[in-house]
Amino acid sequence: MMHECSGYRVCRSERGFVALIFVLVMAAVMLTVGVALSLRSIENLQASSWYTGAAEARQLALTCVEEGLLRLRGSWASSSGALSLGSGSCTMDAALAGGTATVRALGVAGSAHRTITVTVNPTFAITGWEE
């Protein structure tokens, strides 16, 4: 006796099984792609956040360098100070050595830190800049 699903003919239940497997495989592929895109978005967001913090820390350090230079212009003497601006802060040290002054500033925004060191002569010509 011959089975009614033998040969090249596919039974209805087998066609349903093939369709189910196809749907499950496609769902797994779409889920994998979705998770990969989500992880990539999270990485981009973290990188963007770090970059923003680093730029803010640099701006804070520049602000403290300016503060140090203003203090030196008022009185050619060593000084130090700190500023809190927005969500960050900066510290500044101005030191004299020979005929030059060195202003070192540290800007902090979140977990980002930036240091800028500027050296000037008595006419306030910049003779050195290091970030």
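Residues numbered from 1 in each chain as written. Predicted model: local features only at pLDDT ≥ 70, side-chain atom pairs only at ≥ 80, totals over all residues. Heavy atoms only, no water.

Draft legend 1. Local environment of the state of the cysteines. Across all of its chains, the model carries one disulfide by this definition. Each sulfur in the disulfide pair Cys64 and Cys90 lies 2.0 Å from the other. With the S-S bond torsion at 75°, the cross-link from Cys64 to Cys90 turns out right-handed. Remark: Cys90 occurs in strand 2 (residues 88-97) and Cys64 occurs in helix 1 (residues 12-74); sequence separation between them is 26 residues. Taken individually, Cys64 and Cys90 each receive the classification buried, so the pair is uniform in this respect. (Disulfide = S-S within 2.5 Å. Helix = DSSP H or I, 4+ residues; strand = E, 2+ residues; numbered from the N terminus. Buried < 20%, exposed > 50% of the residue type's maximum accessible area, 1.4 Å probe, protein only.)

Draft legend 2. Region of interest: the pairing of strand 5 (residues 126-130). Looking at chain direction, strand 4 (residues 112-120) and strand 5 are connected through four bridges and run antiparallel. Note that in strand 5 the partner of Thr117 across the bridge is Glu130. (Pairing = 2+ DSSP bridges.)

Draft legend 3. A look at the packing of aromatic side chains. By the definition in use, this model includes one aromatic pair. Each ring, one from Trp76 and one from Phe124, has its centre 5.8 Å from the other, and the planes form 90°; the classification is edge-to-face. Of this pair, Trp76 sits in the loop between helix 1 and strand 1 (79-85) while Phe124 sits in the loop between strand 4 and strand 5; the two residues are 48 residues apart in sequence, bridging distant segments of the chain. The class of Trp76 is partly exposed, set by a relative accessible area of 32%. The class for Phe124 is buried, based on a relative accessible area of 19%. One residue, Arg73, lies across the ring of Phe124, its end atom 4.2 Å from the ring centre. (Phe/Tyr/Trp six-rings, centres within 6.5 Å; stacked < 30°, edge-to-face > 60°. Lys NZ or Arg CZ within 6 Å of the ring centre and 35° of its normal.)

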